[in-house]
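Read off the chains here:
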Amino acid sequence: EMHQHIREVAIGDAPVTGTTDVLLSRIRNGTSIVGMGYRVSTALMQPSGIFQSWARLGINATANGVKAFLKNPIKTHQWVMENSPMMRNRASTLNREINEIVNQVRAGKNLTRLQASYFYLIGKMQMMIDTPTYLGAYEKALADLNYENAATEDERQAIEKKAHSFAGQTVIDTQTGGEIKDL
């Protein structure tokens, strides 16, 4: 059983099979879409996640991440996406239902524009918290690992790699996710 769990965490959710599983999955997905999908109130709740980041990183690191993000949101978001595979993947695994939709695409099913839009607003609002959290954690790790005093380029690259890893883990730990490992 443990091997099966490890495999599922590594490769993601398997598509549902069987009439009962398909029916229950559709009911759960439909309920989530009705309850969260296009609700502005649900999207507006996403920024409250910054408080989890604050609790983990402290107010200074969190505020620094927010400031860096607000200075140039587009450029900063692009930098994070370029440097973090986890963050690139995060938008499509934000919650269980989004993750299931992504799994349908991986299984070769085409989504309608409507299906692709269900959780768009929630995802965008959540990225407005994930990105500053990532930035704050990255800068905190650079400081904690004495990046300024690194003597060689190899040392600087090793510290940057650790800082990116810490930043990604901080987002995972402080914000919700929809992959098996997050449930």
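Look up: the structure comes first, before these words.
Worth saying up front: this structure is predicted, and the values here are computed from it rather than measured.

Draft legend 1. Structural detail: the pattern of salt bridges. If you walk through the whole model with that rule in mind, you get three salt bridges. Here Arg56 makes a salt bridge to Asp173, at a shortest N to O gap of 3.0 Å. With Arg56 in helix α4 (residues 50-57) and Asp173 in helix α11 (residues 153-174), the pair connects residues that are 117 residues apart, well separated along the chain. Taking the shortest distance from any N to any O, the salt bridge between Arg156 and Glu153 comes out at 3.3 Å. Of this pair, Arg156 and Glu153 both sit in helix α11, three residues apart, roughly one helical turn. When its relative accessible area of 24% is taken as the criterion, Arg156 is described as partly exposed. Residue Glu153 is classed as partly exposed on the basis of its relative accessible area, which comes to 43%.

Draft legend 2. Molecular detail of unusual backbone geometry. Look at Asn146: it is not a glycine, yet its phi comes out positive at around 55°. Summarising the element assignment, Asn146 is placed in the loop between α10 (120-144) and α11.

Draft legend 3. Focus on the nonpolar core. By size, the foremost hydrophobic cluster in this structure holds 18 residues, and its most contacted members are Val80, Met87 and Tyr134. Contributing elements (two or more residues each) for this core: α5 (59-71), α6 (73-83), α10 and α11. Here the element with the most residues in this core is α10; it accounts for seven residues. Among residues more than four places away in sequence, those in contact with Tyr134 are Trp79, Val80, Asn83, Ser84, Met87, His164, Ala167, Gly168 and Val171.

Thresholds applied
- Residues numbered from 1 in each chain as written.
- Predicted model: local features only at pLDDT ≥ 70, side-chain atom pairs only at ≥ 80, totals over all residues.
- Heavy atoms only, no water.
- Salt bridge = Lys/Arg side-chain N within 4 Å of Asp/Glu carboxyl O.
- Helix = DSSP H or I, 4+ residues; strand = E, 2+ residues; numbered from the N terminus.
- Buried < 20%, exposed > 50% of the residue type's maximum accessible area, 1.4 Å probe, protein only.
- Core = buried A, V, L, I, M, F, W, Y, C linked by side-chain atoms within 4.5 Å.
- Contact = heavy atoms within 4.5 Å.

So far we have only geometry, and geometry alone does not tell us how the molecule works.
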